[in-house]
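Summary of the model geometry
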Amino acid sequence: MSVSDYEVVVGQAVKNLRHVDRGLLRDKLAANASGVLKDAVWFNGERQKDRKALLRVLKGLGSNLKTKVVVFQPRVRRSVFNGIRKKMDSGKHNAAVRRMQQLDTLLLGARADCFSLGAGFAVMADGDDL
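Description of the structure in this document. (Residues numbered from 1 in each chain as written. Predicted model: local features only at pLDDT ≥ 70, side-chain atom pairs only at ≥ 80, totals over all residues. Heavy atoms only, no water.)

**Here's the deal with the overall build of the protein chain**
Along its length, the protein chain carries 5 helices and 4 strands. Walking the protein chain from its N terminus toward its C terminus, one meets helices and strands in the order α-α-β-β-α-β-α-α-β. Principal-axis analysis of the C-alpha atoms places the extent of the protein chain at approximately 55 × 35 × 25 Å. Look at the contacts in the protein chain between residues 6 or more apart in sequence, and 67% of them connect residues 24 or more apart. Distance between charge centres in the protein chain, computed from 24 positive and 13 negative side chains, equals 3 Å. (Helix = DSSP H or I, 4+ residues; strand = E, 2+ residues; numbered from the N terminus. Contact = heavy atoms within 4.5 Å. Lys, Arg positive; Asp, Glu negative; His and termini not counted. Charge placed at Lys NZ, Arg CZ, Asp CG, Glu CD.)

**Points about the pattern of salt bridges**
The full count for this structure, using the stated rule, is 2 salt bridges. For Arg 47, the salt bridge identified is with Asp 39, shortest N-O distance 3.3 Å. In this structure Arg 47 comes out as partly exposed when scored by relative accessible area, which is 46%. Overall, Asp 39 belongs to the partly exposed group, its relative accessible area being 27%. (Salt bridge = Lys/Arg side-chain N within 4 Å of Asp/Glu carboxyl O. Buried < 20%, exposed > 50% of the residue type's maximum accessible area, 1.4 Å probe, protein only.)

**Considering the side chain of Arg 51**
Looking at the secondary structure, you find Arg 51 in the loop between β2 (46-47) and α3 (52-60). Look at Arg 51: it is buried, it has no salt bridge, and the nearest opposite charge is Asp 39 at 7.5 Å. A polar contact of 3.1 Å, which involves the side chain of Arg 51, links it to the backbone oxygen of Leu 37. Setting aside its immediate chain neighbours within four residues, Arg 51 contacts Lys 28, Leu 29, Asn 32, Ala 33, Leu 37, Lys 38 and Val 41. (Polar contact = N/O pair within 3.5 Å; in protein donor to acceptor, adjacent residues only side chain to side chain.)

This is the structure:
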């Protein structure tokens, strides 16, 4: 488990919190609608030719929109995570436990940032579903 990997991903997620405001997001996407990334929009797994449909959806959303920031980090496996948590619960502290504590601090800070803007927060890792 690498905390530094999470730092990169979580740092980017926190920087992108400015897009939680649907009005700001819509304005930014509209302003760059003819730019190089104009087709960097997917719907149901298919790349779209432009942002028009996305902009229509954003325009039609009400003020009760629920938002969630999701951090994907597949380099952490659930089995490793659970094993470290067991060590923490038993009071056995080692380098892996200290890394988990650092990770907890990082993720709790990001979660607080999200919650302060009314957004949910979730972290997805490898579930060891092999």
